[in-house]
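Listed below are the residues making up each chain.
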Amino acid sequence: AGERVALLARIKELEAEVERLREEKNQNIGRAEVKQEGLDHFKVKLENAKEVENELEEENVRLRKDAKRSEGFAKMNQEVNGALMEKLADVKDERDDAIEAGEELHQRLQESQATSSLQEDLLQAAFGRDEQLCRELSNAITVPCMVFGCCGNRGSQRNFLPGCGHVVCYDCIKEDVKQP
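These figures come from a predicted structure and were not determined experimentally. Throughout, a residue's number is its position along its own chain's written sequence, starting from 1. Given that the model is predicted, a residue must reach a pLDDT of at least 70 before its local features are reported, and side-chain atom pairs must reach 80 or more before they are shown or counted; all residues, however, enter totals for whole chains, interfaces and linings. The side-chain quantities take in all heavy atoms of the structure and omit both hydrogens and water.

**What to know about the confidence of the model for the protein**
Low-pLDDT portions of the prediction should not be read for the details of their coordinates. Per-residue pLDDT for the protein averages 81, and the proportion of residues at 70 or more is 73%. Across the chain, each position has a pLDDT score giving the predictor's confidence in that residue, from 0 to 100. For the purposes of this entry, the term helix denotes a DSSP run of H or I that reaches at least four residues, the term strand denotes a run of E that reaches at least two, and both are numbered from the N terminus. Taking the mean pLDDT of every element in the protein, the minimum, 58, falls on helix α2 (residues 131–140) and the maximum, 87, on helix α1 (residues 2–126).

**Things to note about a nonpolar patch on the surface**
A cluster of nonpolar side chains, contributed by Phe73, Met76, Val80 and Leu84, occupies part of the molecular surface with about 380 Å² of accessible area. Within the secondary structure layout, Leu84 lies in helix α1. For every residue, the accessible area (1.4 Å probe, protein chains only) is compared with the maximum for its type, and the residue is labelled buried under 20%, exposed over 50%, or partly exposed between those bounds. The class of Leu84 is exposed, set by a relative accessible area of 51%. For patch building, the residue pool is restricted to those with more than 30% relative accessible area and no salt bridge; the joining distance is 9 Å between like charges and 5 Å between nonpolar side chains (Val, Leu, Ile, Met, Phe, Trp, Tyr). For the accessible areas, the method is Shrake-Rupley and the probe is 1.4 Å, while residue cover comes only from the protein chains on display. For this analysis, a salt bridge means a side-chain nitrogen from Lys or Arg found within 4 Å of a carboxyl oxygen belonging to Asp or Glu.

**Thoughts on the pattern of salt bridges**
Taken as a whole and judged by the stated rule, the model has seven salt bridges. The salt bridge involving Arg20 is made with Glu24; its shortest N-O contact spans 3.0 Å. Within this pair, Arg20 and its partner Glu24 are both found in helix α1, separated by four residues, close to a single helical turn. On the basis of relative accessible area, Arg20 is assigned to the partly exposed category, the value being 41%. You can call Glu24 partly exposed: its relative accessible area is 33%. Here Arg69 and Asp66 are joined by a salt bridge, their closest N and O atoms 3.1 Å apart. Remark: Asp66 and Arg69 occur in helix α1; sequence separation between them is three residues, near one turn of the helix. By relative accessible area, which is 47% here, Arg69 ends up partly exposed. Here Asp66 falls in the partly exposed class, since its relative accessible area comes to 24%. Because the salt bridges share partners, they merge into one network encompassing Glu59, Arg62, Asp66 and Arg69.

**Focus: a negative patch on the surface**
As used throughout, the charge tally considers Lys and Arg to be positive and Asp and Glu to be negative, leaving His and the chain termini uncounted. A single reference atom marks each charge: NZ on Lys, CZ on Arg, CG on Asp, CD on Glu. On the surface, Glu86, Asp90, Asp93, Glu94, Asp97, Glu100, Glu103 and Glu104 cluster together to form a negatively charged patch. On the secondary structure map, Asp93 appears in helix α1.

Below is the structure:
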């Protein structure tokens, strides 16, 4: 019977040890479940981070493409602006040349008007007095013949047509009279 009591005591000790091990196992399972939940949560965060990383990489690729496109547009703009600046310089030069030519024409016109005015004054002074004097005055003033296609013979006599004051050389009047 002493052995039996000892065995029963040992069984009780073993049952207590089993119970303690069950509780420890349950605690370990609980801690493992908490750790698993933490790992699952971390896994979700990691997946989210990977998605964000992929989105950022796609955005980076898009931005690089946009930057290259912008560089292309900037280069094209520089080329176009350079061409426009050259064209503008050419147009300014042409404008300056045209202004210079216009000023020269204006000066010639003023000189021509002054000559015509002088011619008219001289003709009016001599008109009706001496035809020879009129010719001499008109020849003294070197105004080109107004007839289209005139050979421009400066040595021939010039004649002022009464009324309009046009200058016609003697050779052109002679030709005009010969034609029927």
